[in-house]
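# Overview (structure and organization)
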Amino acid sequence: MTVADIDPDALRATADAVRHDPVKGRFTFRVDGDWYGGFRLRSQVGALTHAGELDTGRAGRFTLAADEPAEVLGTDTAVSPVEYVLQALAGCYTVTLASNAALRGIALHGVHLDLEADLDLAGFLAVDPNARPGIGVIRVAVALDAPDSTDAELDELVEVLQRRSVIRDTLVNPVAVETVWRRG
């Protein structure tokens, strides 16, 4: 049985496999990017490591581009890095909602996400030493079309969403970011 194109049995089998062999749950994702003037960056996904095994099949398969809006002195030729953060959260929320709905037998007919991020350039530009250079707050409004479910079921689904979303967890908890440089 599938719910919204998701096989709950496959999800349970994956959870069991990770439970019995935790290495199967470990991944390393990669992105390789090159600057091409101004505030523009072009990136490609790199090889994926799963359970210690390198899979080069995704390397270069998908490309991404970043720029800033003209209001932030970019040329507005691509998505801004802040919008990528919002997209990452929206994509992860979608995965988390769909998988947990499938596991609970909740028939989702639709999900709509509205995301907003506030930031103040005073921190980035070192204008105000007390201003944070990053995003100060992200607001997410989730609209669920699930006519056969109760409000209590959907409340629980959103609670699970906030506990299990990989990207939300990444944003709300400290993450070590190690930066090194080399001559190019």
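Definitions and limits used
- The residue count restarts for each chain, going from 1 along the sequence in the order it is written.
- Note on the predicted model: pLDDT of at least 70 is required for a residue's local features to be given, and 80 or more for side-chain atom pairs to be given and counted; whole-chain, interface and lining totals, by contrast, use all residues.
- Note that water and hydrogens are dropped before the side-chain values are worked out from all heavy atoms of the structure.
- We define a salt bridge as a contact between a side-chain nitrogen of Lys or Arg and a carboxyl oxygen of Asp or Glu at a distance within 4 Å.
- Strands are runs of DSSP state E lasting at least 2 residues, helices are runs of H or I lasting at least 4, and numbering of each runs from the N terminus.
- Any two strands are treated as partners once DSSP identifies two or more bridges connecting them.
- A pocket, in this scheme, is an open set of points on a 1 Å grid over the protein atoms alone with protein on both sides within 12 Å along at least 5 of 7 lines, while a cavity is a set where a 1.4 Å probe fits but cannot get out; residues line either one if an atom lies within 4 Å of a point.
- Grid points are joined across faces, edges and corners, and a volume is the space filled by probe spheres set on the points.
- Residue classes follow a fixed rule: Ala, Val, Leu, Ile, Met, Phe, Trp, Tyr, Cys and Pro count as nonpolar, while Asp, Glu, Lys and Arg count as charged, and any other residue, Gly among them, counts as polar.
- These domain limits were set by an automatic method or by a database of domain assignments.
- Any two residues having at least one pair of non-hydrogen atoms within 4.5 Å are treated as being in contact.
- Accessible-area loss on putting two parts together, using a 1.4 Å probe and summing over both, is the definition of buried area adopted here.
- Only buried residues count toward a nonpolar core. Its members are Ala, Val, Leu, Ile, Met, Phe, Trp, Tyr and Cys residues joined through side-chain atoms within 4.5 Å.
- Partly exposed describes any residue whose relative accessible area lies between the buried limit of under 20% and the exposed limit of over 50%, with all areas from a 1.4 Å probe on protein chains only and scaled to the type maximum.
- Aromatic pairs are defined between Phe, Tyr and Trp rings, using the six-membered ring for Trp, whenever the two ring centres lie within 6.5 Å; interplanar angles under 30 degrees are classed as stacked, those over 60 as edge-to-face, and all others as tilted.
- We call a charge positioned over a ring when the NZ of a Lys or the CZ of an Arg lies within 6 Å of the ring centre and within 35 degrees of the ring normal.
- Here, patches come from residues exposed beyond 30% relative accessible area and free of salt bridges, joined within 9 Å for like charges and within 5 Å for nonpolar side chains (Val, Leu, Ile, Met, Phe, Trp, Tyr).
- Here the Shrake-Rupley method, with its probe set to 1.4 Å, supplies the accessible areas, and only the displayed protein chains count as covering residues.

Per an unreviewed UniProt entry, the recorded name for the protein chain is OsmC family protein, and the organism is Nocardia huaxiensis.

## Considerations on the pattern of salt bridges
Tallying each qualifying case throughout the model produces five salt bridges. A salt bridge links Arg139 to Asp118, with the nearest nitrogen and oxygen atoms 2.8 Å apart. Taken together, the positions of Arg139 in strand β8 (residues 135–145) and Asp118 in strand β7 (residues 110–119) put the pair 21 residues apart, joining distant regions of the chain.

## Section: the sheet that holds strand β5 (residues 53–55)
Strands belonging to one sheet form pairs held by backbone hydrogen bonds; the direction of such a pair is parallel or antiparallel. Taken in spatial order, the three strands of this open sheet run β1-β4-β5, and their pairing is antiparallel. The sheet is open, and its two borders are formed by β1 (27–28) and β5, each paired with just one other strand. The pairing of β1 with strand β4 (residues 48–50) spans two bridges and is classified as antiparallel. For Thr28, the partnering residue across the bridge sits in β4 and is Thr49.

## Thoughts on the layout of surface pockets
Size it by volume and the largest pocket reaches roughly 1,600 Å³. Lining the largest pocket are 37 residues, and of these Phe29, Cys92, Val95, Val166 and Ile167 sit closest to its centre. For the lining of the largest pocket, the elements supplying multiple residues, two or more each, are α1 (8–20), β1, β3 (41–45), β4, β6 (63–66), α2 (81–104) and α5 (166–172). When residues in the lining of the largest pocket are grouped by element, the largest group, nine residues, is from α2. Partitioning the lining of the largest pocket into residue classes produces 21 nonpolar, ten polar and six charged. Three or more residues apiece are contributed to the lining of the largest pocket by two domains, here domain 1 (1–78) and domain 2 (80–175).

## Concerning the domain arrangement of the protein chain
Interfaces are often sized by the amount of accessible area the parts lose when they come together. Per the domain assignment, the segments making up the protein chain are domain 1 (1–78) and domain 2 (80–175). Here domain 1 and domain 2 have C-alpha centroids that lie 17 Å from each other. Opposite the 14 residues of domain 1 that make contact, domain 2 presents eleven residues. Taking both sides of the interface into account, the surface hidden between domain 1 and domain 2 amounts to around 950 Å²; carbon and sulfur atoms contribute 72%. Scanning the region where domain 1 abuts domain 2 turns up zero salt bridges.

## A closer look at the nonpolar core
A general tendency of soluble globular proteins is for nonpolar side chains to be buried together. The biggest cluster of nonpolar side chains holds twelve residues, and these are Leu89, Ala90, Tyr93, Leu97, Ala101, Ile106, Leu108, Leu113, Ala146, Leu154, Leu157 and Leu161. Secondary structure elements with two or more residues in this core: α2 and α4 (151–164). Dropping the residues within four chain positions of it, Leu157 is found in contact with Leu97, Asn100, Ala101, Ile106 and Leu144.

## Observations regarding the packing of aromatic side chains
Taken as a whole and judged by the stated rule, the model has one aromatic pair. Cation over ring: Arg42 sits above Tyr36, and NZ or CZ is 4.0 Å from the ring centre.

## Notes on the environment of Arg164
Along the chain, the position of Arg164 falls in helix α4. With a relative accessible area of 57%, Arg164 lands in the exposed category. It is 19 Å that separates the C-alpha atoms of Arg164 and Asp9, two residues lying 155 residues apart in sequence.

## Observations concerning a nonpolar patch on the surface
On the surface, a nonpolar cluster with roughly 560 Å² of combined accessible area is contributed by Val72, Leu119, Leu121, Phe124, Leu125 and Val127. By the element assignment, Leu125 lies in the loop between α3 (121–124) and β8. Overall, the relative accessible area of 53% leaves Leu125 in the exposed class.

## Structural notes on the side chain of Ser80
The residue Ser80 is located in the loop between β6 and α2 in this model. The class for Ser80 is buried, based on a relative accessible area of 5%. Here Ser80 is in contact with Asp67, Glu68 and Pro69, once residues within four sequence places are set aside.

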